[in-house]
Amino acid sequence: MNHLIKTIKSSLALILSIALPPWAMAQDANHVQARLSQLEKQLNLLQESPLKLNTSLAQRFDVSALVELETFIEDTNQDNNQDREKNNKSDTRLATIEVAIQSKLNPYIEGQVILLHEDDSDQDIAVDEGFLTLSAPDSSFSLKAGKQVIAFGNFESHLITDPLTLELAETKDTALTVQAQTKDYYAVLYVFNGANQTQDSQTQDSNDEIKQSGAQLGLINNSAHSPWHLGAGYISSLAESETFTDFFKEQASDYQLQGNTPAASVHGSLSIPHWHFLGEYIFATQSFHEDDLAFNEKPAQPSAYHLEIARDFVLLNKAMTIALAQQGSQQALALELPKQRFIVALSHDVYKQTSLAVEYMQAKDYAINKGGSGNTQHTLSMQLAARF
């Protein structure tokens, strides 16, 4: 760059000495010299600008990613002991790609976008979440607005497989959430539109109205040796969960519910040196209308639970975690949830931000006299996960 400037200066000086008379040359030469000096400064700034731009972007945006590769072998034992070989299945898949982009726009506003691809999704990649969080410095209150995971349930686990509580109740929608949190407690209130319509709606456009709400309260103890957490929540319609929404879409693209069915959740966790205990129970507080969800020819009142215990230990100088879990559901046959699961998983951080996990799961379907198959499914899974 400097060589280019020097070449331009020399060339212009030669031209001026030939083309201009002596009395004009000094004045014009000074003017050209000033312009060239200004150009040199601008070119130097342009040369430095990519570095400054990259530094500015790095300061404004925090980008992280999660990639999960999974392989599994699955065998189903039929209750009537017929041909078992037809029920074997195995696969290797790119289970999850998740990209999270965060930015602190100013001392009061933070933005976050999460892009997600899952192997069983119809879309290659989609905006899973996108919201703004408003909070004042040193304030315990915050306001979150946008597409988000609704604050109902906890779903914490050390397993590869999602808990049945998550499969029953995880809800995502565009919502307005107000949260207050201190070191001892948190309280969350939220409202959102909801994806489903009900037959008691007054207008055809009622799906454009905010009609769902909920709350979650929790106590927190972050002591160094035995942290614990206890929480409870309520949502005005369990049918807004992703599992229910997909179920109703399979019935009809414009399916209308007979009415809303509220649900409640309780969850807790406790950690002591090398041990972790988790528990959660989610249940509909009343039965669905029989036309919306039935079980054994009666209105269904679904529920699910998750109990887990995990132990940290060292084997061959490698830090590992083993987890045992018992899960179950009630009256959730129509949602294709199993009656019961027993799971054991072993995980190890093979490198920094890279983990390897192996899991065995036994899942039992509902009995034949309850409308199920009575089958038992055995699944051996392995997952390699990396965060960067």
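Residues numbered from 1 in each chain as written. Predicted model: local features only at pLDDT ≥ 70, side-chain atom pairs only at ≥ 80, totals over all residues. Heavy atoms only, no water.

Engineer: Quick rundown of a nonpolar patch on the surface? Include the residues and the values.
Structural biologist: On the surface, Tyr185, Leu219, Trp228, Leu230, Leu270, Ile272, Trp275, Phe277, Ile309, Leu324 and Phe342 cluster together to form a nonpolar patch covering roughly 900 Å² of accessible area. You can see Leu324 is positioned in strand 17 (residues 318-330). Note on Leu324: relative accessible area 37%, which makes it partly exposed. (Patch = residues over 30% accessible without salt bridge, like charges linked within 9 Å, V, L, I, M, F, W, Y side chains within 5 Å. Areas by Shrake-Rupley, 256 points an atom, 1.4 Å probe, with all protein chains shown as cover. Salt bridge = Lys/Arg side-chain N within 4 Å of Asp/Glu carboxyl O. Helix = DSSP H or I, 4+ residues; strand = E, 2+ residues; numbered from the N terminus. Buried < 20%, exposed > 50% of the residue type's maximum accessible area, 1.4 Å probe, protein only.)

Engineer: Now, about the pairing of strand 13 (residues 275-284): what can you tell me, with residues and values included?
Structural biologist: Side chains of strand 13 alternate between two faces, with His276, Leu278, Glu280, Ile282 and Ala284 buried and Trp275, Phe277, Gly279, Tyr281 and Phe283 left unburied. As paired elements, strand 12 (residues 263-272) and strand 13 share 10 bridges and run antiparallel to each other. Its bridge partner being in strand 13, Ser269 is matched across the sheet by Leu278. Across 9 bridges, the pairing between strand 13 and strand 16 (residues 303-315) is antiparallel. Bridge pairing in strand 16 places Leu278 opposite Glu308. (Pairing = 2+ DSSP bridges.)

Engineer: Could you give an account of the pattern of salt bridges, naming the residues involved and the relevant values?
Structural biologist: Across all of its chains, the model carries 6 salt bridges by this definition. We note a salt bridge from Arg341 to Glu167, for which the minimum N-O separation is 3.0 Å. A residue pair is termed long-range when its members are at least 10 positions apart, and Arg341 in strand 18 (residues 340-351) and Glu167 in helix 3 (residues 164-169) qualify at 174 residues. Looking at Glu167, the relative accessible area reads 23%, which means it is partly exposed. One salt-bridge network, in which partners are shared between bridges, spans Glu70, Arg93 and Asp119.

Engineer: A description of the nonpolar core should follow, citing residues and the corresponding values.
Structural biologist: In this structure, Phe244 and Leu335 are the most contacted members of the largest nonpolar core, which totals 32 residues. If we ignore the near neighbours within four places in the chain, the residues touching Phe244 are Leu168, Leu238, Ala239, Phe288, Leu293, Pro302 and Leu335. In this structure, Leu159, Ala325, Ile343 and Ala345 belong to the second largest nonpolar core, which totals 7 residues. (Core = buried A, V, L, I, M, F, W, Y, C linked by side-chain atoms within 4.5 Å. Contact = heavy atoms within 4.5 Å.)

Engineer: Residue-level account of the confidence of the model for the chain, with values.
Structural biologist: Per-chain confidence: the chain averages 86 in pLDDT, with 80% of residues scoring 70 or above. pLDDT under 50 marks residues 11-16. Its contacts with residues more than four places away, or in other chains, come to 6 contacts. (pLDDT = per-residue confidence, 0-100.)

Engineer: Can you tell me about the pairing of strand 19 (residues 354-364), naming the residues and giving the values?
Structural biologist: Regular strands show a simple pattern: their side chains alternate between the two faces of the sheet. Across 11 bridges, the pairing between strand 18 and strand 19 is antiparallel. Across the sheet, residue Ile343 finds its bridge partner in strand 19, namely Met361. Taken together, strand 18 and the strand that follows it, strand 19, pair antiparallel across an intervening segment of 2 residues, in which Gln353 is found at a positive phi of about 65°. Pairing of strand 19 with strand 20 (residues 376-387), which is carried by 11 bridges, proceeds in the antiparallel orientation. Its bridge partner being in strand 20, Met361 is matched across the sheet by Thr379.

Engineer: With reference to specific residues and values, describe the packing of aromatic side chains.
Structural biologist: Going through the model one piece at a time under the given rule, you end up with 8 aromatic pairs. On the basis of an interplanar angle of 10° and a centroid distance of 6.4 Å, the ring pair of Trp275 and Phe277 is categorised as stacked. Owing to a relative accessible area of 32%, Phe277 belongs among the partly exposed residues under this scheme. Taken together, the ring pairs connect Phe244, Phe247, Phe248, Tyr255 and Phe288 into an aromatic cluster. (Phe/Tyr/Trp six-rings, centres within 6.5 Å; stacked < 30°, edge-to-face > 60°.)

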